[in-house]
Amino acid sequence: MKEILEHEVGEHVDLFLLIKSATKGIASNGKPFLTLILQDKSGDIEAKLWDISNEQVKMYQPETIVRVAGEVHNYRGRLQLKIRQIRPASSQDGVSVANFLETAPISKEEISSKITQYIFEMKNPNIQRISRHLVKKYLERFLEYPAATKNHHEFVSGLGYHVVSMLDLAKAIAELYPSLDRDLLYAGIILHDLGKVIELSGPVSATYTIEGNLLGHITIIVNEIAKTAEELGIHGEEVVVLQHVVLSHHGKLEWGSPKQPMIKEAEILHMIDNLDAKMNMLDRTLKRVKPGEFSERIFPLDNRSFYKPTFHS
């Protein structure tokens, strides 16, 4: 059976999907509706459920598996599923949440092994010990959580996959620019988003926790670095510099960075983070596009559409 993003515009759909998010709204006629984001392993699609009752709102919540019949439409350049029929799945249907989760293209074991190797290569004992301690402390969640709730790497193991991709980029860049401090750059990459294991609720239908909303992942990990250094009896400039590299990784104040990069490795980390996030957005968006056509608008990329050339392999 074809997955949701394998269907063409105009095709009829009848399949099980997982509700990733459900947002209630009020239509122009005053009646309530739900905007559903439905997903399977191929990705997600938006759907509207019109004229709903309060019972239906409770019935169609995130992490609910539903059977949906309808057609795939193109609405303002984006795929949308027009629902004809919908019902919650039952135990007789023999489906589980795991059947619908998009996951990283490499295994958790490979992610863990690569991160362990990068930590092993560090020569500065203080930076190495802080990195190892925090990865070990949060390893299980680190290997399962997404890197975000939307826009980039928002899938199971997305956080670890994002970090591994960035580490490989950093290694190549450090070969070209040997003046970079690899230990600081690698540690900054490994730790920069680790606060998301506290900021986000989990690997499925991720939402922001109370700590996530009130503190944010940057503040969370900067505090964790300080606490770890204290526990391990590490004092000195490495701790402050490592905190700065993590603190400034969003790059600009208007992008939520408490400080702009003021250290070479911090500037490079921000660029690598931005590059990997944008490539992930582009690859996942263009996967849905046929050669010779334009993609839907990508809001984080200045709301631009991207063209897929016909000569691409």
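Structure: see above.
As the structure is a computational prediction, the values presented were derived from the model and not from experiment.

The rules we used
- Residues numbered from 1 in each chain as written.
- Predicted model: local features only at pLDDT ≥ 70, side-chain atom pairs only at ≥ 80, totals over all residues.
- Heavy atoms only, no water.
- Helix = DSSP H or I, 4+ residues; strand = E, 2+ residues; numbered from the N terminus.
- Rg over C-alpha atoms; globule rule 2.2 N^0.38 Å.
- Buried < 20%, exposed > 50% of the residue type's maximum accessible area, 1.4 Å probe, protein only.
- Contact = heavy atoms within 4.5 Å.
- Areas by Shrake-Rupley, 256 points an atom, 1.4 Å probe, with all protein chains shown as cover.
- Phe/Tyr/Trp six-rings, centres within 6.5 Å; stacked < 30°, edge-to-face > 60°.

## Some thoughts on the overall build of the chain
Then, number 1: What the chain contains, in helices and strands, is eleven helices and five strands.
Then, number 2: Computed over C-alpha atoms, the radius of gyration of the chain comes to 22 Å, within 12% of the 20 Å expected from 2.2 N^0.38 for 313 residues, which places it in the range of a compact globule.
Then, number 3: Structurally, the chain occupies a C-alpha span of about 65 × 45 × 40 Å along its principal axes.
Then, number 4: Taken over 313 residues, the chain has a buried fraction of 49%.
Then, number 5: A separation of at least 24 residues holds for 56% of the contacts in the chain among residues at least 6 apart in sequence.
Then, number 6: Per element, the accessible surface of the chain, about 16200 Å² overall, is 53% carbon and sulfur.

## A few points about the environment of histidine 250
Then, number 1: Within the fold, histidine 250 resides in the loop between α10 (237-247) and α11 (264-286).
Then, number 2: The partly exposed category is assigned to histidine 250, whose relative accessible area is 22%.
Then, number 3: Put simply, histidine 250 and aspartate 273 are 23 residues apart on the chain and 8.2 Å apart in space, counted from C-alpha to C-alpha.
Then, number 4: Leaving out residues up to four positions away in the same chain, histidine 250 has contacts with His217, Ile218, Trp255, Gly256, Ser257 and His270.

## What about the packing of aromatic side chains?
Then, number 1: Taken as a whole and assessed by the stated rule, the structure comprises four aromatic pairs.
Then, number 2: With a centroid separation of 5.0 Å and an interplanar angle of 50 degrees, the aromatic rings of phenylalanine 294 and tyrosine 307 are classed as tilted. One end of the pair, phenylalanine 294, is in the segment after α11; the other, tyrosine 307, is in the segment after α11, and 13 residues separate them in sequence.
Then, number 3: Judged by relative accessible area, which is 56%, phenylalanine 294 ranks as exposed.
Then, number 4: Look at tyrosine 307 and you get partly exposed, because its relative accessible area is 39%.

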